[in-house]
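Structural characterization, general
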Amino acid sequence: MTDIQINASRRYTVKIGAGLLTHTGELASGLIKGRNAVIVSDSNVFPLYGETVRQSLEAAGFSVGAFVFPAGEGSKNTDTLVALLNRLAELRPDRSDAIFALGGGVTGDMAGLAAALYLRGIACIQLPTTLLAMVDSSVGGKTAVNLSAGKNLVGVFSQPRLVLCDTDCLQTLPEAVYAEGWAEIIKAAMIKSRPLADFLLKSSPGENIERVIAACVEIKRDVVDADEFDTGVRQILNFGHTVGHAIELLGDYRYFHGEAVALGMRIMARACCALGTCEPECLSVLETLLNKYKLPTVCDMDAGALLEAAQRDKKRSAGGITLVLPVRVGECTLKKTGFDELGTLLRLGLSS
Ligand code: GLY
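Residues numbered from 1 in each chain as written. Predicted model: local features only at pLDDT ≥ 70, side-chain atom pairs only at ≥ 80, totals over all residues. Heavy atoms only, no water.

1. Regarding the overall build of the protein chain
In terms of helices and strands, the protein chain carries 14 helices and 11 strands. Against the compact-globule benchmark of 20 Å for 352 residues, the protein chain has a radius of gyration of 20 Å, which places it among compact chains. The dimensions of the protein chain, computed from C-alpha atoms along their principal axes, are 60 × 40 × 35 Å. The burial tally for the protein chain puts 58% of its 352 residues in the buried class. Counting contacts in the protein chain only where the partners sit at least 6 residues apart, residues at least 24 apart contribute 75% of the total. By element, 51% of the accessible surface of the protein chain is carried by carbon and sulfur atoms, the whole surface being about 13,800 Å². (Helix = DSSP H or I, 4+ residues; strand = E, 2+ residues; numbered from the N terminus. Rg over C-alpha atoms; globule rule 2.2 N^0.38 Å. Buried < 20%, exposed > 50% of the residue type's maximum accessible area, 1.4 Å probe, protein only. Contact = heavy atoms within 4.5 Å. Areas by Shrake-Rupley, 256 points an atom, 1.4 Å probe, with all protein chains shown as cover.)

Written out as structure tokens, the structure is:
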């Protein structure tokens, strides 16, 4: 079991280990004064783990309600958010109670936002069940839903009270969902940690997974502690994401988030290598890791269409964009720029 302390506007612990979901109730009861718990989950995850969490909460004296929505990025919208808020109004948790976000990034982001909004804020405990949510989205307090204009355009910063990463959940993940978690792990290595990249190169996939998740959470902790509200260095976590979000939008979400980020990282690394600002070894390590962890490397989209999709992502067009440019393994830089330069990079990154 590994504990990592996050020191943002709220201090909280990220626990990583096998079997943690069965201890949800006892771990939450010291932090939450009230005894009403609402589990928020999706139609894939609730049948797998909903009862385990419910029984654990009930054993600790909580009375438990639930809101279960159809699985998928398509549910991460204002309609589902409002349905969730209305369900909370029926179940009537008060400010001493808590929401338990049981699932992947969609669940964590949307439940975190509902918790921040309902009664102007009730506690949220994150129970990430996907690799991607464990290594990235459940930590750091970003909550959001999508608008048709782009991803995550409605949200707030609101830190959880506790994050429980139960590594047993990884055993039930579909292969593609497991693979997209590796995209965020590879991203963490490429932006901040040569040792993690070296470990990923030499180990077999899944070896010492608790330590790998912990390494990513430690990287995220350092970045979030330095820039909780994403005005500077936190933007380094967006390596591959500006292009990745455009790929998601243009592909009508046919690519999983992690797959799109994998493609986005490779496009940026190829472009920066072509410009001579990135070491060629960085691109070869990235490509080796993407192949090893079963992530896509070939994007069949057109540079012009991708640029147009990136411009439609309105959050990014306000006041230009900040691109994350790889320099070498474990190091990236931030560059404030305009869409002209992104267009050039996309053409370079996509050319064969
Ligand atoms: N997932 C990027 C961030 O938390 O800032």
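What follows picks up the thread again.
2. Examining the site of the ligand
Taken together, the neighbourhood of the ligand is formed by Asp136, Lys142, Lys220, Arg234 and Leu237. Aspartate 136 places a polar side-chain atom, nitrogen or oxygen, 3.0 Å from a nitrogen atom of the ligand. The separation between an oxygen atom of the ligand and a polar side-chain atom of lysine 220 is 2.6 Å. Of the residues assigned to the shell around the ligand, the class counts are 1 nonpolar, no polar and 4 charged. (Near = heavy atom within 4 Å. Polar contact = N/O pair within 3.5 Å; in protein donor to acceptor, adjacent residues only side chain to side chain. Nonpolar A, V, L, I, M, F, W, Y, C, P; charged D, E, K, R; others polar.)

3. Digging into the nonpolar core
Core analysis: the biggest nonpolar cluster contains 103 residues, and Val14, Ile186, Leu200 and Ile247 have the highest contact counts within it. Those residues in contact with isoleucine 186 that lie beyond four places of it in its chain are Leu200, Met265, Leu286, Leu289, Leu290, Tyr293 and Leu295. Grouped together as the second largest cluster of nonpolar side chains are 19 residues, Leu81, Ala111, Tyr118 and Val145 included. (Core = buried A, V, L, I, M, F, W, Y, C linked by side-chain atoms within 4.5 Å.)

4. Some points on the sheet that holds strand β3 (residues 36-42)
Note on sheets: strands pair through backbone hydrogen bonds, and any given pair is parallel or antiparallel. Strands sit in the order β1-β2-β9-β6-β5-β3-β4 across an open sheet of 7 strands; the sheet is mixed. Edge positions in the sheet fall to β1 (2-7) and β4 (63-69), since each has one partner strand and no second. Across this sheet, the average inter-strand angle for adjacent strands is 20°, counted without regard to direction. Pairing of β3 with strand β5 (residues 98-103), which is carried by 5 bridges, proceeds in the parallel orientation. Bridging across to β5, serine 41 finds its partner in leucine 102. Across the sheet, helix α2 (residues 46-59) touches β3, β4, β5 and β6 (123-128), and the angle it forms with β3 is around 170°. Where helix α3 (residues 78-91) meets the sheet, it contacts β3, β4 and β5, and its direction lies at approximately 160° from that of β4. (Pairing = 2+ DSSP bridges. Axes fitted to C-alpha atoms, helices over the stretch in contact; angles between N-to-C directions.)

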